[in-house]
Amino acid sequence: MHRQFMILLLAGLFSNPAPALDDTITVNLEATNQSGQAGTATLTPEGDKTKVVILLSNAPSGVPQPAHIHLGQCDKLDKAPKWPLEAVKDGRSLTVVPVSLDTLLKDKTAINIHKSAAEAQVYVSCGNIVPLI
């Protein structure tokens, strides 16, 4: 019995399951337009979907800030949002988008946050979604 346990233990040590936490990517959200609103977005694969958690500092209290994933990179975004994210409220947002993390990485995308719904043309933060090397 002891020998079987050791064999199973060793088999587990040498197997190669895909660890979920290692697949998580953190995107640095840089403040734009002198907003002072910087933070991070954590992207975690969930099969053919991706969980996106945004934490933004210096966000205005009680003001929902629209957030999206756009094609392109922060220095040259496609103006049309590709995937909407839950608005950032009090510096936080959580969304599960209907696309895999692999697709987000392959398509060269970025997360963009707007000042408010009324001032959507003003960007306050942006971060490129890039793979960790």
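My aim in this report is to walk through the structure given alongside it, one point at a time. (Residues numbered from 1 in each chain as written. Predicted model: local features only at pLDDT ≥ 70, side-chain atom pairs only at ≥ 80, totals over all residues. Heavy atoms only, no water.)

Some details on the environment of valine 63
And step 1. Relative to the helices and strands, valine 63 resides in the loop between β3 (49-56) and β4 (65-73).
And step 2. The class of valine 63 is partly exposed, set by a relative accessible area of 29%.
And step 3. Each residue touching valine 63, except ones within four places of it in the same chain, is listed here: Val88, Lys115 and Ser116. (Helix = DSSP H or I, 4+ residues; strand = E, 2+ residues; numbered from the N terminus. Buried < 20%, exposed > 50% of the residue type's maximum accessible area, 1.4 Å probe, protein only. Contact = heavy atoms within 4.5 Å.)

Describing the state of the cysteines
Linking two cysteines covalently via their sulfur atoms produces the bond known as a disulfide.
And step 1. Counting across every chain of the model gives one disulfide.
And step 2. A sulfur-sulfur separation of 2.1 Å characterises the disulfide bridge that pairs cysteine 74 with cysteine 126. Sign of the S-S torsion, about -95 degrees for the bond between cysteine 74 and cysteine 126, identifies this disulfide as left-handed. With a gap of 52 residues between them, cysteine 74 in the loop between β4 and β5 (76-88) and cysteine 126 in strand β8 (residues 123-129) connect regions that are remote in the sequence.
And step 3. Note on cysteine 74: relative accessible area 28%, which makes it partly exposed. (Disulfide = S-S within 2.5 Å.)

As for the sheet that holds β3
And step 1. Taking strand neighbours across the sheet as the criterion, the eight strands line up as β5-β4-β7-β8-β1-β2-β3-β6 in an open arrangement whose pairing is antiparallel. In this open sheet, the two edge strands, each paired with only one partner strand, are β5 and β6 (92-97). Within the sheet, the average angular offset between the axes of one strand and its neighbour, ignoring direction, is 25 degrees.
And step 2. Pairing of strand β7 (residues 109-114) with β8, which is carried by six bridges, proceeds in the antiparallel orientation. Directly across from isoleucine 113, in β8, lies its bridge partner serine 125. (Pairing = 2+ DSSP bridges. Axes fitted to C-alpha atoms, helices over the stretch in contact; angles between N-to-C directions.)

Topic: the environment of alanine 120
And step 1. Positionally, alanine 120 belongs in the loop between β7 and β8.
And step 2. Residue class for alanine 120 comes out partly exposed when judged on its relative accessible area of 32%.
And step 3. C-alpha separation for the pair alanine 120 and proline 66, spaced 54 residues apart in sequence, amounts to 7.3 Å.

Overview of the side chain of threonine 95
And step 1. Turning to its location among the elements, threonine 95 is positioned in strand β6.
And step 2. Residue classification places threonine 95 among the buried positions, given a relative accessible area of 8%.
And step 3. The residues contacting threonine 95, other than those within four sequence positions of it, are Thr50, Lys51, Val52, Pro84, Leu85 and Glu86.

Some words on the pairing of β6
And step 1. Of the two faces of β6, only the one carrying Ser93, Thr95 and Val97 is buried; Arg92, Leu94 and Val96 on the other face are not.
And step 2. Pairing of β3 with β6 involves six bridges; the strand directions are antiparallel. The residue bridging valine 52 from the neighbouring strand is threonine 95, located in β6.

Remarks on unusual backbone geometry
And step 1. Positive phi is not limited to glycine here, since asparagine 58 has a value of about 60 degrees.
And step 2. Classification of asparagine 58 as exposed rests on a relative accessible area of 59%.

Thoughts on the environment of glycine 91
And step 1. Residue placement: glycine 91 occurs in the loop between β5 and β6.
And step 2. Between the C-alpha atom of glycine 91 and that of leucine 56, which follows or precedes it by 35 residues, the distance is 4.5 Å.
And step 3. When sequence neighbours within four positions are dropped, the list of residues in contact with glycine 91 reads Ile54, Leu55, Leu56 and Ala59.

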